[in-house]
Each structure stands twice: as C-alpha cells, then as structure tokens.
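Residue-level structure breakdown
One letter stands for each residue in the lines below.
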Amino acid sequence: MIRVGIIGVGGIAKGRHIPAFLQLSDLCQVKALSDVNMVQAKEAAAQFNIPHVFENYQDMFTEVDAVCICTPNKFHAEISIAALEAGVHVLCEKPMALSAAECEAMLAASKKSGKVLAIAYHYRFMKELQAAKKLMQEGEIGTPLVARVQALRYRKVPGWGVFTNKALQGGGSLIDYGCHLLDSAIWLMGNPKHVTVNGCTYNVLSKTPGQVNQWGSFNHETFDVDDHVTAYITFENGASLLLETSWAANIKQDTEHISISGTAGGLNVFPFEWYGAKHGMLFNSEAAWIPGEEDPSIPQAANFLAACMGKAELVVKPEEALQVSQIIDAIYESAGQL
Ligand SMILES: NC(=O)c1ccc[n+]([C@@H]2O[C@H](COP(=O)([O-])OP(=O)(O)OC[C@H]3O[C@@H](n4cnc5c(N)ncnc54)[C@H](O)[C@@H]3O)[C@@H](O)[C@H]2O)c1
C-alpha cells in the first residue's frame, strides 16, 4: 500500500488525481492534502474523506510515501526537489517546471534519492496514443520523417486560475496545452534529439479589450503569456515536426491533431488511422475498436504506483519531459521571449 499525498488541491487535483488514486484503493491510500489555501484543502478533505490536511507541504512528507504535485507551474521544481530529498516519490503535473534548468535540478534530485519522478503527461495514456505507439514499435510506419501537431482551441482562454500569469505559469498556450501534444508526438517518434527550433508567439488577440471568449473572462491588461504559437523543429535523425498551438485561434472548431508520415506508412492519432502500402495497393485503415481505459487518469496513476513499488517502468520518463521543456524554452527564446 502506497500512502499518497496531494499538494495543491485545485481543479486538476479534484478533477483527475484524487478520484484516480481513490479508484486504485487496492494499491494506495490517499492520506493527506496540502494547500496554501486551507479552506480549499479542508473542503476537499471533507468531500473525498481524506484524513489529514497540511498548510505546509513539508509537514506531509513523514506521513506519505508519494506525492502528487498539482500547484501552479512555478512551484513544481521547488516542491518536487523537497519531496525527493525527503525520500518521497513524486508525480508532478505538467509542464515539468518553468524551465529546462529547473527540470534538470529535479532530475538530479530524483537520481540522488533513487525515488521515482513522474510527469503527468496524461495524453500518453490515452488508448489512441498507446495504439499509435504500438504500431510505431512494430514498424508499421517505418522510420518517422514528418510529424504534424496541432493543439488548437477556438477562443478558449482559461478564465480561471493563474493560467494567464507568466510569473506563475511560465507561458500560455504552449507551456499549458501544446506541451501535451508536443510530448506525445516526440514520444511516438522515439524521442530523437532535437537540433534546431524556430518559433513565433502571439498574444495580440488576448491583449485586445472586449474579446469574445468561451471559457470565461480574463483581464487583457494583465494577460502576459502567449495565446498562439507556431514552431518548426528538426531532429538529429533528419525528422521534422510542425507545431501549432493556441487558446484563442480564430478557427472553425477546436482541433487536436497528431499525424506522422514515415518511410513505410503513416498514422493519424485522433481518430486513429493507418495509411500505407500492402499487396501492391494503398490502404487507409480506421481502427474499429481499440482496447484500453477511456479515462487516462487511471492508467497514469496505476503506472506511477507500480513504478514506486519497483514493478514497472514509467511510461513518461522525466528525461523525456525534460526534452519537452528544452524545446519549449527554445521556442520562447526563438520568439524573443526569454
Ligand atoms: N494534465 C492536464 O491536462 C492539466 C490540466 C489542468 C491543469 N494542469 C496543471 O495542474 C497544475 C494546477 O492546475 P489547476 O488547474 O489545478 O490550478 P488551480 O489554480 O485550480 O489549483 C492550484 C492549487 O494550488 C494551490 N497552491 C498554489 N501555490 C501553492 C503552494 N506553493 N503550495 C501548495 N499549494 C499551492 C492553490 O491554492 C490552488 O488550490 C498546473 O501545473 C497545471 O499546468 C494540468
């Protein structure tokens, strides 16, 4: 039984992680919550029937074996390192941290302590992504050449929380949303080393007063992050990736797209399709059924707990999450934002 604590008891903790760990009651027990906002922490403890609440996350470390960090991005590195140094396993929300330098410090703390450091890139646990990875591993598309990645929302800037605050989050649509699909695509490609990164960032729309926004209102004056980003990334093995992500695009509808063309075939992740030549013909194949959980939170929590028990490898390795942060840093730097 792994004793789990949750640090930062806001939207993602209550909506995803606490319910997932509670479902895995044969593997773990959610023992404690911690939040700087004690009213919020106590309400959640009552809602989910969690026995202990701490204002200071450090006080939790003697009570638990593992923590799930769900604070704003600014605190990911500090809290992860403190937990690892205290001998506690960590599942940290994405992005891994504000910068690649912080991620490297987290990785070093994990290596020194020998404790697990997992990053919650939960898209990897979606059944379409798992199916795509299986096809790639079985050589169905050959060597990946070109990846196209889109994470686009039609006028959905988050109007709650601290998502539009650069000091707390490190950026906007790219570090918050595009990071998921970027991570997934690079993982499918086998995490080749990136060589060049070019990017453009925009926030003209969100800085303009009186915007129509589907996800509540935000202050255009204090908005200081990107709301639309494009990037072109090349890799050591000659592959390339075209990325577009936005919270505020003027497009027909929200779009989540990952497709990869390879030397032997191609695939599309949402919906899952395979394209390629067989028997002297060209096929476009749709998946009629894919095994797996509908909710990726459950396999994500299960994989983390199994890794803590030494029974499984992490699906999302911290070195891979570090690469995503290196590319995000490079996109912002290329766009003149660092
Ligand atoms: N995986 C996903 O798809 C997904 C979705 C949403 C958010 N997230 C990530 O989850 C994290 C939290 O996002 P959220 O939407 O839950 O935000 P939120 O604002 O709803 O909750 C954050 C909570 O952290 C608390 N907090 C702030 N500083 C703290 C500190 N130093 N110590 C302890 N608690 C602290 C706040 O009081 C708040 O209760 C972010 O890193 C975000 O990127 C991931």
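Residues numbered from 1 in each chain as written. Predicted model: local features only at pLDDT ≥ 70, side-chain atom pairs only at ≥ 80, totals over all residues. Heavy atoms only, no water.

1. Some words on the overall build of the protein
In terms of helices and strands, the protein carries 10 helices and 14 strands. For the protein, the C-alpha radius of gyration of 20 Å lies close to 20 Å, the compact-globule estimate for 338 residues. Projected onto its principal axes, the C-alpha positions of the protein cover 65 × 50 × 35 Å. Evaluated residue by residue, the protein yields a buried proportion of 53% over its 338 residues. Of the roughly 14700 Å² of accessible surface on the protein, 52% is carried by carbon and sulfur atoms. (Helix = DSSP H or I, 4+ residues; strand = E, 2+ residues; numbered from the N terminus. Rg over C-alpha atoms; globule rule 2.2 N^0.38 Å. Buried < 20%, exposed > 50% of the residue type's maximum accessible area, 1.4 Å probe, protein only. Areas by Shrake-Rupley, 256 points an atom, 1.4 Å probe, with all protein chains shown as cover.)

2. Section: the site of the ligand
Close to the ligand lie 22 residues; Gly11, Asp35, Gln40, Asn73 and His76 are nearest. The contact in question runs from an oxygen atom of the ligand to an N or O atom on the backbone of Ile12, over 2.9 Å. Contact distances for the ligand include 2.6 Å between an oxygen atom and a side-chain N or O atom of Asp35. Contact with the protein chains removes 84% of the 850 Å² of surface that the ligand exposes when unbound. Under a 2 Å grid-point criterion requiring more than half of the atoms, the pocket assigned to the ligand is the largest pocket. Residue composition of the shell around the ligand, grouped by class: 9 nonpolar, 10 polar and 3 charged. (Near = heavy atom within 4 Å. Polar contact = N/O pair within 3.5 Å; in protein donor to acceptor, adjacent residues only side chain to side chain. 1 Å grid on protein atoms, 1.4 Å probe; cavity = no way out; pocket = protein on both sides within 12 Å on 5 of 7 lines; lining within 4 Å. Sits in = over half its atoms within 2 Å of the grid points. Nonpolar A, V, L, I, M, F, W, Y, C, P; charged D, E, K, R; others polar.)

3. A closer look at the packing of aromatic side chains
Using the criterion set out here, one finds 6 aromatic pairs in the structure. A ring pair is formed by Phe21 and Phe304, whose centres lie 6.4 Å apart and whose planes are at 70 degrees; its orientation type is edge-to-face. Residue Phe21 is found in helix H1 (residues 11-23), and its partner Phe304 is found in helix H9 (residues 297-308); the two are separated by 283 residues along the sequence. The pair Phe21 / Phe304 is uniform in exposure class, with both members buried. Their ring planes at 45 degrees and their centres at 5.5 Å tell us that Trp160 and Trp215 sit as a pair that is tilted. Within this pair, whereas Trp160 is found in the loop between strand E7 (144-154) and helix H6 (166-169), its partner Trp215 is found in the loop between helix H8 (204-207) and strand E9 (228-235), the two being separated by 55 residues in sequence. Owing to a relative accessible area of 47%, Trp160 belongs among the partly exposed residues under this scheme. A residue is classified by how much of its surface remains accessible, and Trp215, at 28% relative accessible area, is partly exposed. (Phe/Tyr/Trp six-rings, centres within 6.5 Å; stacked < 30°, edge-to-face > 60°.)

4. A short note on the domain arrangement of the protein
Taken domain by domain, the protein consists of domain 1 (2-120) and domain 2 (124-292). Placing the centre of domain 1 and that of domain 2 at their C-alpha centroids yields a distance of 27 Å. Facing 9 residues of domain 1, the contacting portion of domain 2 comprises 9 residues. Of the roughly 670 Å² buried where domain 1 meets domain 2, counting both sides, 58% is carbon and sulfur surface. Among the residues domain 1 hides against domain 2, the three largest losses belong to Asn73, Lys94 and Leu98. Together they make up 57% of the total. Across the contact surface, domain 1 and domain 2 share 1 salt bridge. Taken together, the residues that form the side of domain 1 that touches domain 2 break down as 6 nonpolar, 1 polar and 2 charged. (Domains from an automatic or database assignment. Contact = heavy atoms within 4.5 Å. Buried area = accessible area lost by both parts, 1.4 Å probe. Salt bridge = Lys/Arg side-chain N within 4 Å of Asp/Glu carboxyl O.)

5. Comments concerning the UniProt feature "domain: GFO/IDH/MocA-like oxidoreductase" (unreviewed entry) in the protein
Under the present numbering, the feature "domain: GFO/IDH/MocA-like oxidoreductase" (unreviewed entry) in UniProt falls on residues 130-267. Split by type, residues 130-267 is 23% helix and 36% strand. Its first and last C-alpha atoms lie 13 Å apart. (UniProt positions renumbered as here; feature names shortened; annotations may be inferred.)

6. Brief notes about the packing of helix H4 (residues 100-113) against helix H10 (residues 318-334)
Axis separation between H4 and H10 bottoms out at 9 Å; the angle between their running directions is 165 degrees. It follows that H4 is roughly antiparallel to H10 by the angle criterion. Of the two elements, H4 crosses H10, and the hand of that crossing is left-handed. Packed against H4, whose contacting residues are Ala100, Cys103, Glu104, Leu107 and Lys111, the element H10 presents Pro318, Glu319, Leu322, Ser325, Gln326 and Asp329 at the interface. In the contact of H4 with H10, the residues fall into 5 nonpolar, 2 polar and 4 charged. (Axes fitted to C-alpha atoms, helices over the stretch in contact; angles between N-to-C directions. Parallel < 35°, antiparallel > 145°, perpendicular 65-115°, else oblique. Left-handed = near helix turned anticlockwise from the far one by under 90°.)

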